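# Residue-level structural notes
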Amino acid sequence: MRYFIVDDDRASRAMLSQIIEDSQLGTVIGEASNGEEAINQILVMQPDFVIIDLLMPKLDGLATIEQLREYHYDGKFIMISQVVNKDMVAQAYEKGIEFFIHKPINKVEVEMVLRKTEEQYRLKNSISAIRESLSNIETPNIHQSKKSTRDHVLSILNDMGIIGEVGSEDITKIIELLMMDRQKNTPLPPLKELYERVAKLTKTTPDEIIKESKSIEQRIRRTILAAMINLANLGLVDYTNSEFEYYAPRYFEFTEIRKLMSQIKNNEERKVKINIKKFIQVLFADIASKTN
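Along every chain, residues carry numbers that run from 1 in the direction the sequence is written. Only residues with pLDDT of 70 or above have their local features reported here, since the model is predicted, and side-chain atom pairs are shown and tallied only from 80 upward, although totals for entire chains, interfaces and linings are computed over all residues. Excluding hydrogens and water, the side-chain values take into account all heavy atoms of the structure.

As named in an unreviewed UniProt entry, the protein chain is Response regulator, taken from Ureibacillus suwonensis.

In structure tokens, the structure reads:
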């Protein structure tokens, strides 16, 4: 795999290059300290992956990705940043990044993410090659039913082992509402508003709606914690497990997953921070991508 690194921090660029080379993940064919400096080089070199910082001077990561897409660069993006603004993280996923690596850079996390993206890259290329080879073969026009939003959501929740949790239905309803909003081009509303909208599906009076909204939040929180525990257990058994590699760094704060793994291993109290907003935002971005 051929990588290009865009980061205004020279130490970060050096560390990422070292990890890629030492882990035999591929070759770093170029680097730049900002988006303006990177665009022409990337368009000429056409790397397989661009590892790009979110916040940089002159041209930030998101703006750089937009310009590269306008020039029809079709490589993969992996974003890195220490920013904790979840709206910006969600926006990055909507721009088409594959994964998000958090700073300070952790060697294990970088290796895991890059191996996963490499796997997906090779699989996509293999599928494209198969489709091309079959393009001249006449096949019957068989109608295939399109999966619904609910089908896609339940499939992901099943991967995380939480399809049977009581909060899974609340999560599914929230994503269905967001998909309806997406068709109307309305922005992502606050979580409190989403809880109230789901509550209104079954409750009518203001007091009932408020009470049900709080219950919905608690059910979702417990369900997300269950997902984190399931993935942490998978990671302890097999750090290269496909579900762990994909969902753990993408849907959750990976530092919290690592903390949970340590707590489980040492038989300690399972106490971690649960980021509902990130989970909903990434799930929504994934479902929106699948239904396009």
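Okay, the side chain of N241 next. Labels follow the DSSP assignment, with helices taken as runs of H or I lasting at least four residues and strands as runs of E lasting at least two, numbered in each case from the N terminus. Residue placement: N241 occurs in the loop between helix 9 (206–237) and helix 10 (242–251). Residue exposure (1.4 Å probe, protein chains only): buried if accessible area is under 20% of the type maximum, exposed if over 50%, otherwise partly exposed. Residue N241 is classed as buried on the basis of its relative accessible area, which comes to 16%. Here a polar contact is taken to be a pair of N or O atoms separated by no more than 3.5 Å, where protein atoms must pair a possible hydrogen donor with a possible acceptor and residues adjacent in sequence count only if both atoms sit in side chains. Within polar-contact distance, the side chain of N241 engages the backbone nitrogen of E243 at 2.9 Å.

Turning our eyes to something else, we now look at helix 2 (residues 35–45). Listing the buried residues of helix 2 in full gives G35, A38, I39 and I42. Each buried residue of helix 2 sits inside an arc of 110 degrees when the element is viewed along its axis, so together they form one side. Helix 2 presents E36, N40 and V44 as exposed residues on the side facing more than 90 degrees away from its buried surface. Only heavy atoms matter for contacts: two residues are in contact if any of them lie within 4.5 Å across the pair. At its buried positions, helix 2 is contacted by strand 1 (2–6), strand 2 (27–32), strand 3 (49–53) and helix 3 (61–70). This arc is built from the directions going out from the helix axis to the C-beta atoms.

We now examine the packing of helix 9 against helix 10. Viewed as axis vectors pointing N to C, helix 9 and helix 10 meet at an angle of 130 degrees, and their least axial separation amounts to 9 Å. Accordingly, the angle class assigned to the pair helix 9 and helix 10 is oblique. In this structure, the crossing between helix 9 and helix 10 has a hand that is left-handed. Across the interface between the two elements, L231, L234 and G235 from helix 9 touch E243, F244, Y247 and A248 from helix 10. Asp, Glu, Lys and Arg are counted as charged, while Ala, Val, Leu, Ile, Met, Phe, Trp, Tyr, Cys and Pro are counted as nonpolar; the rest, among them Gly, fall into the polar class. Partitioning the contact of helix 9 with helix 10 into residue classes produces 5 nonpolar, 1 polar and 1 charged. Lines fitted to the C-alpha atoms define the axes, with helices restricted to the stretch that makes contact. Angles between their N-to-C directions range from 0 to 180 degrees. Every angle not falling under 35 degrees, over 145, or within 65 to 115 is termed oblique; those three ranges are roughly parallel, roughly antiparallel and roughly perpendicular. Rotating anticlockwise by less than a right angle from the far helix to the near helix defines a left-handed crossing, while the corresponding clockwise rotation defines a right-handed one.

This brings us to unusual backbone geometry. Backbone torsion omega between K103 and P104 reads 0 degrees, so that peptide bond is classified as cis. Within the secondary structure, P104 is located in the loop between strand 5 (99–102) and helix 5 (107–134). For K58, which is not a glycine, the phi torsion comes out positive at approximately 70 degrees. Within the secondary structure, K58 is located in the loop between strand 3 and helix 3.

Aromatic pairing here means that ring centres of Phe, Tyr or Trp (its six-membered ring) are within 6.5 Å. Orientation follows from the plane angle: under 30 degrees is stacked, over 60 is edge-to-face, and everything else is tilted. One pass over the structure, following the stated rule, counts 9 aromatic pairs. Ring geometry for Y239 and F244: centres 5.1 Å apart, planes at 55 degrees, overall tilted. For F244, a relative accessible area of 0% corresponds to the buried category. Look at F252 and F279: their rings are 5.7 Å apart centre to centre, the planes differ by 45 degrees, and that puts the pair in the tilted class. Linking F252 in the loop between helix 10 and helix 11 (254–265) with F279 in helix 12 (residues 276–291), this pair joins segments that are 27 residues apart in sequence. Assigned by exposure class, F252 and F279 land together as buried. Linked through ring pairs, Y246, Y247, Y251, F252 and F279 together constitute an aromatic cluster.

Turning our attention to the pattern of salt bridges. Throughout this description, the term salt bridge denotes a Lys or Arg side-chain nitrogen within 4 Å of a carboxyl oxygen of Asp or Glu. Applying the stated rule across the entire model yields 13 salt bridges. Notably, a salt bridge pairs D7 with K103, separated by 2.9 Å at the nearest N-O pair. Linking D7 in the loop between strand 1 and helix 1 (10–22) with K103 in the loop between strand 5 and helix 5, this pair joins segments that are 96 residues apart in sequence. Note that D286 is salt-bridged to R250, the shortest N-O span being 2.5 Å. Taken as a pair, D286 in helix 12 and R250 in helix 10 lie far apart in primary sequence, 36 residues in all. Grouping residues by exposure puts D286 and R250 together as buried.

For a regular strand, side-chain orientation follows a simple rule: the groups alternate between the two sheet faces. Summarising burial for strand 3: 5 of the 5 residues are buried, a large majority. Side-chain alternation along strand 3 places F49, I51 and D53 on one buried face and V50 and I52 on a second face that is also buried. Relative to strand 3, strand 1 runs parallel, the two being bridged by 4 bridges. In the strand pairing of strand 3, Y3 is matched with F49. Crossover handedness for the path strand 3 to helix 3 to strand 4 (residues 76–81): right-handed. For two strands to be treated as a pair, DSSP must find at least two bridges joining them. Seen with the strands pointing away from the viewer, any crossover whose path from the first strand over the helix to the second strand runs clockwise is right-handed.

A word on the packing of helix 8 (residues 191–199) against helix 9. When two helices pack together, their arrangement is captured by the angle between the axes and the distance separating the axes. At a minimum axis distance of 8 Å, the contact between helix 8 and helix 9 shows a crossing angle of 115 degrees. Taken together, the axes of helix 8 and helix 9 are roughly perpendicular relative to one another. At the point where helix 8 passes helix 9, the crossing takes the right-handed sense. Here Y195, E196, V198 and A199 of helix 8 lie close against helix 9, whose contacting residues are I209, E212, S213, I216, E217 and I220. When grouped by side-chain class, the residues that make up the contact of helix 8 with helix 9 number 6 nonpolar, 1 polar and 3 charged.

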